[in-house]
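Descriptive analysis of the structure
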Amino acid sequence: LAQPHHPQYKALNNYILTRAFFDLSDVPMFFHCFHSGSSTPRDDRLWMLALLSHGLRAEEDARLCGGRHVLELLLGFSDSSLADPPARRACLAVLLRASGTA
């Protein structure tokens with residue numbers, strides 16, 4: 001939020017400003033970034049995967065991702081032909097963090 005030149009600044013700012021409250025049972029902006037229709041969908045996806053990888057810290061975080069089917073989506077995506085090597089590595093990093101082994 002403090003870096004207006006960041007590629008995700010506009011999307012993140014719009015997300016925050018259009019909500020009166022945050023739903024704590026959701027993974028904010030995951031589906032928007034992961035299925036992005038922007039001109040840089042790969043960058044949006046990698047940014048979200050990095051954010052998830054760094055943000056998964058507790059068992060509750062992994063449970064929240066599991067409840068929203070984030071982990072299943074990452075498993076399917078990482079095995080698809082749409083995932084390039086950096087995206088596969090990022091998916092694996094999230095899955096390892098969620099399993100508690102990283």
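Just above, that's the structure.
**Section: the nonpolar core**
The biggest cluster of nonpolar side chains holds 23 residues, and the ones touching the most others in it are Phe 30, Leu 49, Leu 52, Cys 65, Val 70, Leu 74 and Val 94. The dominant element in this core, judged by the number of residues it contributes, is helix H6 (residues 85-99), at six residues. In contact with Leu 52, not counting residues within four places along its chain, are Val 27, Phe 30, Cys 65, Val 70 and Val 94.

**Looking at unusual backbone geometry**
Non-glycine residue Met 29 carries a positive phi angle of around 65°. Within the secondary structure, Met 29 is located in the loop between helix H1 (9-17) and helix H2 (30-34). You will see that His 69, though not glycine, has its phi angle at about 65°, which is positive.

**Focus on the packing of aromatic side chains**
Enumeration over the complete set of coordinates arrives at three aromatic pairs. Note on Phe 30 and Phe 31: the rings are 5.1 Å apart at their centroids and 80° apart in plane angle, and the pair reads as edge-to-face. Ring centres of Phe 30 and Phe 34 lie 5.2 Å apart, and the angle between their planes is 20°; this geometry places the pair in the stacked category. You can see Phe 30 and its partner Phe 34 sitting in helix H2, four residues apart, about one turn around the helix. Phe 34 matches Phe 30 in its accessibility class, with the two residues each being buried. One residue, Arg 45, lies across the ring of Phe 34, its end atom 5.5 Å from the ring centre.

What counts and how
- Each chain carries its own residue numbering, running from 1 in the direction its sequence is written.
- In keeping with the model being predicted, local features are shown solely for residues with a pLDDT of at least 70 and side-chain atom pairs are shown and tallied solely at 80 or more, while totals for entire chains, interfaces and linings include all residues.
- With hydrogens and water excluded, all non-hydrogen atoms of the structure serve as input to the side-chain values.
- The criterion is simple. A nonpolar core is a set of buried Ala, Val, Leu, Ile, Met, Phe, Trp, Tyr and Cys residues joined through side-chain atoms within 4.5 Å.
- When a residue's accessible area, from a 1.4 Å probe over protein chains only, is under 20% of the maximum for its type it is buried; when over 50% it is exposed; and in between it is partly exposed.
- Numbering goes from the N terminus for both helices and strands, where a helix is a DSSP run of H or I of at least four residues and a strand is a run of E of at least two.
- Note on contacts: a residue pair qualifies if any of its non-hydrogen atoms lie within 4.5 Å across the two residues.
- Only centres within 6.5 Å qualify two rings of Phe, Tyr or Trp (six-membered ring in Trp) as a pair; their planes then separate them into stacked at under 30 degrees, edge-to-face at over 60, and tilted for everything else.
- The criterion is that NZ of a Lys, or CZ of an Arg, lies within 6 Å of the ring centre and within 35 degrees of the ring normal, and then a charge sits over that ring.

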